[in-house]
Amino acid sequence: MSAAEAANAAIDHLESMSTLQPDLSEQYQNLVNLYQKKLWHQLTMSTLEFVSVPSATLRTTAEGINSYHALFEKVILPIDKKINQ
C-alpha cells in the first residue's frame, strides 16, 4: 500500500467512525483535520487524549472490531515513523 493509499484509508476510517458514532464526531473530525494537515505531534497528543477515557470513547467499528484496535491499525501504524514529531 502506498503512502497516499494509507493516508486515504486512515481518513476514510476516521470519517466513517465520525458518522457511526455521532457523539464522538467532533473528536474524530479533529483527528481527520490534524491528519490532513500532517500535524503529527498534535495528532499524537489528540489521539492520546482521545483514548485516555475508554469508558467514553471505546466503541465497536462497523466491521465489529474494537475501535482502538482499528484506530491503531488504520491510522497510527501507517504513520508510526512520524508520530510525535
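Structure shown above.
All figures in this text were calculated on a predicted structure; none of them were measured in a lab. (Residues numbered from 1 in each chain as written. Predicted model: local features only at pLDDT ≥ 70, side-chain atom pairs only at ≥ 80, totals over all residues. Heavy atoms only, no water.)

## Considerations on the overall build of the chain
Note the cut-off: Working definition: helices are DSSP H or I runs of at least four residues, strands are E runs of at least two. Numbering for both runs from the N terminus. The atom set for the radius of gyration is the C-alpha atoms, and the globule formula is 2.2 Å times the number of residues raised to the power 0.38. Summary of the burial criterion: residues with accessible area below 20% of their type's maximum are buried, those above 50% are exposed, and those between are partly exposed, where the area comes from a 1.4 Å probe applied to protein chains only. Between two residues, a contact is recorded if the distance between any of their heavy atoms is within 4.5 Å. Under the convention used here, a 1.4 Å probe and the Shrake-Rupley method define accessible areas, while residue burial counts only the protein chains that appear.
Across its full length, the chain holds five helices and zero strands. N-terminal to C-terminal, the α/β element order of the chain is α-α-α-α-α. Here the C-alpha atoms of the chain give a radius of gyration of 12 Å, agreeing with the 12 Å that 2.2 N^0.38 yields for 85 residues. In terms of principal-axis extent, the alpha carbons of the chain reach across some 30 × 25 × 20 Å. Per-residue burial over the chain gives 35% buried out of 85 residues. The contacts in the chain between residues at least 6 apart in sequence include a share of 51% that link residues at least 24 apart. As presented, the chain carries roughly 5100 Å² of accessible surface, and 54% of it is formed by carbon and sulfur atoms.

## Some thoughts on the packing of aromatic side chains
Put simply, the test is: Ring pairs are drawn from Phe, Tyr and Trp, using the six-membered ring of Trp, whenever the two centres fall within 6.5 Å, and their geometry is named by plane angle: stacked under 30 degrees, edge-to-face over 60, tilted for the rest.
Taken as a whole and assessed by the stated rule, the structure comprises two aromatic pairs. Each ring, one from Tyr-35 and one from Trp-40, has its centre 5.5 Å from the other, and the planes form 90°; the classification is edge-to-face. You'll find Tyr-35 and Trp-40 in the same group, each marked buried.

## Considering the environment of Ile-11
When you line up the elements, Ile-11 lands in helix H1 (residues 3–20). Here Ile-11 falls in the buried class, since its relative accessible area comes to 13%. C-alpha separation for the pair Ile-11 and Ile-76, spaced 65 residues apart in sequence, amounts to 11 Å. Here Ile-11 is in contact with Val-32, Tyr-35 and Gln-36, once residues within four sequence places are set aside.

## Examining helix H3 (residues 40–51)
Because an α-helix completes one turn every 3.6 residues, residues spaced three or four positions apart along the sequence face the same direction. Where we set the bar: Here a helix's expected span is defined as the number of its residues, less one, multiplied by 1.5 Å.
Helix length check: H3, at twelve residues, gives a terminal C-alpha distance of 16 Å against a target of 16 Å (1.5 Å per residue), a fit within 8%. Residues of H3 that are buried make contact with helix H2 (25–36), helix H4 (54–57) and helix H5 (67–76).

## What to know about the pattern of salt bridges
For clarity, the cut-off: Here, a salt bridge means any side-chain nitrogen of Lys or Arg that lies within 4 Å of a carboxyl oxygen of Asp or Glu.
In total, this model carries two salt bridges according to the counting rule given. A salt bridge links Arg-59 to Asp-23; its shortest N-O distance comes to 2.7 Å. A residue pair is termed long-range when its members are at least 10 positions apart, and Arg-59 in the loop between H4 and H5 and Asp-23 in the loop between H1 and H2 qualify at 36 residues. Of the charged contacts in the structure, one is a salt bridge between Glu-63 and Lys-74, with a shortest N-O distance of 3.8 Å. Residue Glu-63 is located in the loop between H4 and H5, and its partner Lys-74 is located in helix H5; the two are separated by eleven residues in the primary sequence.

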